[in-house]
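As a plain string of letters, each chain reads:
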Amino acid sequence: MKVKTILVSQPAPKTETSPYFELSEKQKVKIDFRSFIHVEGVTSKEVRVQKIDLSQFTAIILTSRNAVDHFFRIAEEMRFKVPDTMKYFCQSEAVAYYLQKYVVYRKRKIYVGNRTFPELSKLIKKHKDEKFLLPSSDKLKPLIPAELEALGVNWKRAILYKTVVSDLSDLEDVFYDILVFFSPSGIDSLFKNFPDFKQNNTRIAVFGNSTVRAATEAGLKCNITAPTPETPSMTMALEKYIKEANKK
C-alpha cells in the first residue's frame, strides 16, 4: 500500500531545515506532528516529600533540557540561590548549550559528555568527591542509576517532572498510513487514548530497542525500525520504506 500521510508523535520541528520537511517535499507525502506525551512539573511540596535539600549538593547531573528547566524552576520556587561554585555535568553539548539560558557559561564549571550517559559517567568518575543531584522525570532509564551505583559516587535522584499522556481524542476519526514512535511512553499513550486501536493497514515506525519492545508487547507489527547501520535516522528509514511502497 502506498504512503500518503504520516503522523509523528512529537512536537513539530522548530527549524525550517528539518529533514522531515525535506522528506515531505521530496516524497510528496503529508507529515503531521503531535505530541503523544508531555511533561508536567511537580510542585516544590512534592520535592520536599522526597527529602531533597538543594543546599546539600555540589554538582548537578543534567541529562536533558527538561532536567535543566525543572531544576532551576524548583530552585526558584524553593528560594534557593544556586551558588556560583555549583558544578554541572551535561550529557550532551545540546544540554550544555541550553544551560546558558540560566547561567553565565564562562563563569561556571561545566563538564560535557559525548551524548551517551556512559560517556558522561567517565567525567563524573573524575569528580568522585562531589555530592551529585540527578534531576529527572518519573521515568528514568535503568542504565543511569546502574552507572552511578557502579561508580560508587554520592548521588541522589530528584523527580522534578512527570511524563503525562496527552489528550488525543480529536484524532479518533483521523487515519494515517504511518504512525511514528520514539519511546515506550508514546505507545502507552496510543492505547490509553484509543484502547480499541487496531493496526489494520497502518504502518508502525519505531525508534530504539525499548520502543520496538513496547510496540511488540502491545501487539503491534513494527514495519519500520531505526536506527540501523543502513538507516541511522528515522527520516532515512521512512524515506527508504516510502520509496519501496510508492514504487509498486
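Refer to the structure above for everything that follows.
Here is a short report on the structure shown in this document. (Residues numbered from 1 in each chain as written. Predicted model: local features only at pLDDT ≥ 70, side-chain atom pairs only at ≥ 80, totals over all residues. Heavy atoms only, no water.)

Observations concerning the pairing of strand β10 (residues 203-207)
In step 1: Burial of β10 is extensive: 4 of the 5 residues sit out of reach of the surface.
In step 2: Of the pairings in the sheet, the one linking strand β9 (residues 178-181) to β10 comprises 4 bridges and is parallel in character. In the strand pairing of β10, Leu 179 is matched with Ile 204.
In step 3: At this point the chain moves from β9, through helix α7 (residues 184-193), to the parallel β10, and the crossover so formed is right-handed.
In step 4: Relative to strand β11 (residues 222-226), β10 is paired through 4 bridges, and the arrangement is parallel. Bridge pairing in β11 links Phe 207 to Ala 226.
In step 5: Between the parallel elements β10 and β11, the chain passes through helix α8 (residues 209-217) in a crossover that is right-handed. (Buried < 20%, exposed > 50% of the residue type's maximum accessible area, 1.4 Å probe, protein only. Helix = DSSP H or I, 4+ residues; strand = E, 2+ residues; numbered from the N terminus. Pairing = 2+ DSSP bridges. Right-handed = clockwise from strand over helix to strand, strands pointing away.)

A look at the environment of Phe 197
In step 1: Looking at the secondary structure, you find Phe 197 in the loop between α7 and β10.
In step 2: Here the alpha-carbon distance between Phe 197 and Leu 160, two residues 37 residues apart in the chain, equals 32 Å.
In step 3: Filtering out sequence-adjacent residues up to four positions away, Phe 197 remains in contact with Leu 179, Leu 190, Phe 191 and Leu 220. (Contact = heavy atoms within 4.5 Å.)

Points about the side chain of Glu 130
In step 1: Its location among the elements puts Glu 130 in the loop between α5 (117-125) and β7 (131-137).
In step 2: A distance of 2.6 Å separates the side chain of Glu 130 from the side chain of Thr 58, its partner in a polar contact.
In step 3: In this view, Glu 130 contacts Thr 58, Ala 59, Lys 87 and Asn 154; residues no more than four positions away in its chain are not counted. (Polar contact = N/O pair within 3.5 Å; in protein donor to acceptor, adjacent residues only side chain to side chain.)

Function-wise, these values are silent; they only describe arrangement.
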